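As a plain string of letters, each chain reads:
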Amino acid sequence: MQGPTFAAPRADAILLDFEGERRALAQYEAAGGWAQAKAATGRAFDEIVQELKDSGLRGRGGAGFPTGLKVSFIGKGDRFLVINADESEPGTFKDRELILRNPHALLEGCVILCNAIGAKATYIFIRGEYATEAEVLNAAIEESYAKGYLGKPLSGTSNAVDIYVHRGAGAYICGEETALLSALNGFRGQPTAKPPFPAVSGAWKSPTLLNNVETVATVPYILAMGAQTYQALRTEQTTGTRLMSLSGNVQRPGNYELPVTATYRDLIDGCGGGVAGGRTMKAFIPGGSSAPILMPDMLDTQIAVETTAAAGSMAGSGAVIVIDTRTCMVQFALRVADFYRHESCGKCTPCREGTRWMVELLKRVEAGEATMDEIDLLVELCDRIEGKCLCPLGDACAMPVRSYLKHFRAEFEAHIDAPACPAGPASPFGALYPSLRRTLPVVPA
Amino acid sequence: MSDSLHDAIQAEIAKYPDRRSAILAALRLAQAKYRWLSPEAFEEVSRCIDLPVAQCVAVASFYDMYFLEPVGEHVVEVCTNVSCALVGAADVVAAFEMELGCSLGSTSADGKVTLRPVECLGGCGWGPVVSIDHRYHEHFTADDVKPVVAGLRTSEGGH
């Protein structure tokens, strides 16, 4: 038992280019911190938007929307900046490390954006479980007030910025922007129909710019190096570096900041030292548990948004999960589907009912009670969920389950045919479902 | 009415353009005082925020971190999501069940410890992750269970 362990930075790291933590304001200033917020006060909204557009920065929360374009959409009126620190996509723990190690970069990014759009307040919506991280942010905020970076205007602007930490209370769906705003506004964290978009009507029905922690923390670095330099590190449609969360059956799990030109092999084998214990990779997930699974023959795919999409999955939140050959994919599917069933907010019928039925069907497959046509029924359920709800949570359940059925259909069929499990008792998921504790025999080699 | 809870909730309300936004913080503070969201806790939150009890319950019941039933003096939460499960979370759960003599989702007979399953806590590369009284412990193994439970059994409630 020990605390989080941080990987050493690569030479081309930007956001976390140092060892250990940089929580004290003086450390951040010594590294050049707050110079960009001060320099940016003289720049017009259009100039900052253009710089962000030129940088090619895309949102790091999961959707990958171009940041400059998003900022440009902000409506007129009393504006707010809201930071999405509700990091909850299984496999993702990079915003947490960023907050623990470089909290002032986030605060400086907030002030730059607030001054650009004329917002007087930022609310950092952080998931409730991140108690230590909320304390780290509050300590950094307190220091920034004492130093005059917050609460009064920087030289060259009349806009004073306040930053507040708003803690969530345990709900994955609050990572979805309209659900997050419902929760911030004091309601159940359920998504709402768009339009109106948050840029027009968000926090307290005001125009709201809502961005992920990593995205906003990157802004001071882009201004420091210039958009042209930042975007030089690029694939066709993605630029800069990404914090990649590496977990699962890998030798050295952790967060690694990599240029978007790197491949999943660079991350898993290069940074992570390959599969743990000398075992063999069965498959990997490139962008959090909602991303379709990829087979090892896709390891040379670049981690960028468009390259991962072309490989048949999505870069999502940059959370890579390595699965070795011991794992039973029926059990894995059940665990993933059960997560989304639990987190469905219940508002849209296809998601609320569909995720529940997906779990029920997968339990039957796992217990050896299903019939062959129930596999087709699972695929049909995916069809009936995808694209039919207000928010992507239902899709986030259907897409990966569909991909497991595509790549591992024989494994599902073996649970029905024999019935037997090709993985056997070594699968690390078996003991999680004691009510189903399996009596299935192992498929003979 | 407890003045300290009332004052703490008023300080939260002051952060927002609309007092209703302080509901999550108010519920968290009330739970810290009463250990769970008892009817009295809801009454107090309702008075402080000026929101009907039914609305407070509606919000609280949406989220995983509020306890709508009494819990033990300590709360142990084990992440059982995919990344932690791949590196042995099931063994940690089994060790806690054995040591506490209760199954996941229930409280030990002496009322000291509630064992809860939780979804991804955001420590995936440092798993298995266990949260004890809302504080994380990473790289948790089945061997850590015995001393941790012994410590919880002899200490006052902390969540």
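Here the structure is a predicted model, which is why all the values come from computation and not from measurement.

1. Section: the domain arrangement of chain A
Residue and element names in this part refer to chain A.
Consideration 1: Partitioning chain A into structural domains gives domain 1 (23–231), domain 2 (241–324) and domain 3 (329–426).
Consideration 2: Taking only C-alpha atoms, the centre of domain 1 and the centre of domain 2 are 27 Å apart.
Consideration 3: Summed over both partners, the interface of domain 1 with domain 2 buries about 1,300 Å², with 50% contributed by carbon and sulfur atoms.
Consideration 4: Taken together, the connections running from domain 1 to domain 2 amount to zero salt bridges.
Consideration 5: Element by element, the count of residues in the side of domain 1 that touches domain 2 is highest for helix 5 (residues 94–101), at three residues.
Consideration 6: For the side of domain 1 that touches domain 2, a count of residues per class yields four nonpolar, four polar and six charged.

2. Points about the packing of aromatic side chains
Consideration 1: Enumeration over the complete set of coordinates arrives at 20 aromatic pairs over all chains.
Consideration 2: Taken together, a centroid distance of 4.2 Å and an interplanar angle of 5 degrees make the contact between Trp34(A) and Tyr149(A) stacked. Of this pair, Trp34(A) sits in the loop between helix 1 (25–30) and helix 2 (35–40) while Tyr149(A) sits in the loop between helix 7 (131–146) and strand 3 (162–167), and the two are 115 residues apart along the sequence. Like Trp34(A), the residue Tyr149(A) is buried in the burial classification.
Consideration 3: Aromatic pair Phe332(A) and Tyr404(A): ring centres 5.6 Å apart, planes at 80 degrees, arrangement edge-to-face. Linking Phe332(A) in helix 13 (residues 329–343) with Tyr404(A) in helix 16 (residues 393–407), this pair joins segments that are 72 residues apart in sequence.
Consideration 4: The class of Phe332(A) is buried, set by a relative accessible area of 0%.
Consideration 5: Joined through ring pairs, the aromatic side chains of Phe80(A), Tyr123(A), Tyr164(A), Trp204(A) and Tyr16(B) make up one cluster.
Consideration 6: Between Arg22(A) and the ring centre of Phe18(A), over which it is positioned, the NZ or CZ distance is 3.9 Å.
Consideration 7: Note that Arg101(A) overlies the ring of Phe18(A), its terminal NZ or CZ placed 5.2 Å from the centroid.

3. Considering a nonpolar patch on the surface
Consideration 1: Together, Phe65(A), Leu69(A) and Phe73(A) line one region of the surface with nonpolar side chains, adding up to about 260 Å² of accessible area.
Consideration 2: You can call Phe65(A) partly exposed: its relative accessible area is 36%.

4. A short note on helix 1 (residues 3–13) of chain B
All names here are of chain B.
Consideration 1: Among the residues of helix 1, Leu5, Ile9, Glu12 and Ile13 are the ones counted as buried. Considered in projection along helix 1, the buried side chains sweep an arc of 100 degrees and stay on one side of the axis. Counted as exposed and oriented over 90 degrees from the buried face of helix 1: Asp3 and Ser4.
Consideration 2: Those residues of helix 1 that are buried are in contact with helix 2 (23–34) and helix 3 (39–49).

5. Focus on the pairing of strand 6 (residues 254–259) of chain A
Remember that side chains alternate between the two faces of the sheet whenever the strand is regular.
Residues and elements named next belong to chain A.
Consideration 1: Most of strand 6 sits inside the fold, with six of its six residues counted as buried.
Consideration 2: Residues of strand 6 alternate between two faces, with Gly254, Tyr256 and Leu258 on one and Asn255, Glu257 and Pro259 on the opposite face, all of them buried.
Consideration 3: Of the pairings in the sheet, the one linking strand 5 (residues 241–248) to strand 6 comprises six bridges and is antiparallel in character. Opposite Thr241, over in strand 6, you have Pro259 as the bridge partner.
Consideration 4: In this antiparallel pair of consecutive strands, strand 5 and strand 6, the connection spans five residues.

6. Points about the sheet that holds strand 6 of chain A
Residue and element names in this part refer to chain A.
Consideration 1: With mixed pairing, four strands are arranged side by side in an open sheet as 6-5-8-7. Two strands lie at the open edges of the sheet, namely strand 6 and strand 7 (281–285), each paired on one side alone. Recorded for the sheet is a direction-independent mean angle of 25 degrees between the axes of neighbouring strands.

7. Regarding helix 16 of chain A
Residue and element names in this part refer to chain A.
Consideration 1: Taking 1.5 Å per residue, 15 residues should reach 21 Å; helix 16 reaches 22 Å between its end C-alpha atoms and fits that length.
Consideration 2: Within helix 16, eleven of the 15 residues are buried, which leaves the element mostly enclosed by the surrounding structure.
Consideration 3: By the burial criterion, the buried members of helix 16 are Leu393, Gly394, Asp395, Ala396, Cys397, Ala398, Pro400, Val401, Ser403, Tyr404 and Leu405.
Consideration 4: Here the buried face of helix 16 lies against strand 7, helix 13, helix 14 (349–366), helix 15 (373–385) and helix 17 (409–417).

8. Notes on the sheet that holds strand 1 (residues 74–79) of chain B
Residue and element names in this part refer to chain B.
Consideration 1: Taken in spatial order, the five strands of this open sheet run 2-3-1-4-5, and their pairing is mixed. In the strand order of this sheet, the two ends are held by strand 2 (106–107) and strand 5 (135–137), each with one partner.
Consideration 2: Pairing analysis gives two bridges linking strand 2 to strand 3 (residues 113–118), with the strands arranged antiparallel. Looking at strand 3, one finds that Thr107 is bridged to Thr114.
Consideration 3: Of the strands in this sheet, strand 1, strand 3 and strand 4 (130–132) touch helix 6 (residues 89–100), which is tilted by about 155 degrees from strand 1.

9. Points about the environment of Ala199(A)
Residues and elements named next belong to chain A.
Consideration 1: On the secondary structure map, Ala199 appears in the loop between helix 8 (177–184) and strand 4 (208–212).
Consideration 2: The exposure class of Ala199 is buried, given its relative accessible area of 14%.
Consideration 3: Residues Ala199 and Ile74, 125 residues apart in the sequence, show an inter-C-alpha distance of 4.6 Å.
Consideration 4: Not counting residues up to four positions away in its chain, the partners in contact with Ala199 are Phe73, Ile74, Gly75, Pro207 and Thr208.

10. Here we look at the packing of helix 6 of chain B against helix 7 (residues 145–153) of chain B
All names here are of chain B.
Consideration 1: Axis separation between helix 6 and helix 7 bottoms out at 10 Å; the angle between their running directions is 45 degrees. When the interaxial angle is binned, helix 6 and helix 7 end up oblique. As helix 6 packs across helix 7, the resulting crossing turns out to be right-handed. Contacts from Val92, Ala95, Phe96, Glu99 and Leu100 of helix 6 reach helix 7 at Val145, Lys146, Val149 and Arg153.
Consideration 2: In the contact of helix 6 with helix 7, the residues fall into six nonpolar, no polar and three charged.

What counts as what
Residues numbered from 1 in each chain as written. Chains lettered and ligands numbered in written order. Predicted model: local features only at pLDDT ≥ 70, side-chain atom pairs only at ≥ 80, totals over all residues. Heavy atoms only, no water. Domains from an automatic or database assignment. Buried area = accessible area lost by both parts, 1.4 Å probe. Salt bridge = Lys/Arg side-chain N within 4 Å of Asp/Glu carboxyl O. Helix = DSSP H or I, 4+ residues; strand = E, 2+ residues; numbered from the N terminus. Nonpolar A, V, L, I, M, F, W, Y, C, P; charged D, E, K, R; others polar. Phe/Tyr/Trp six-rings, centres within 6.5 Å; stacked < 30°, edge-to-face > 60°. Buried < 20%, exposed > 50% of the residue type's maximum accessible area, 1.4 Å probe, protein only. Lys NZ or Arg CZ within 6 Å of the ring centre and 35° of its normal. Patch = residues over 30% accessible without salt bridge, like charges linked within 9 Å, V, L, I, M, F, W, Y side chains within 5 Å. Areas by Shrake-Rupley, 256 points an atom, 1.4 Å probe, with all protein chains shown as cover. Arc of directions from axis to C-beta. Contact = heavy atoms within 4.5 Å. Pairing = 2+ DSSP bridges. Axes fitted to C-alpha atoms, helices over the stretch in contact; angles between N-to-C directions. Expected span 1.5 Å × (residues − 1). Parallel < 35°, antiparallel > 145°, perpendicular 65-115°, else oblique. Left-handed = near helix turned anticlockwise from the far one by under 90°.

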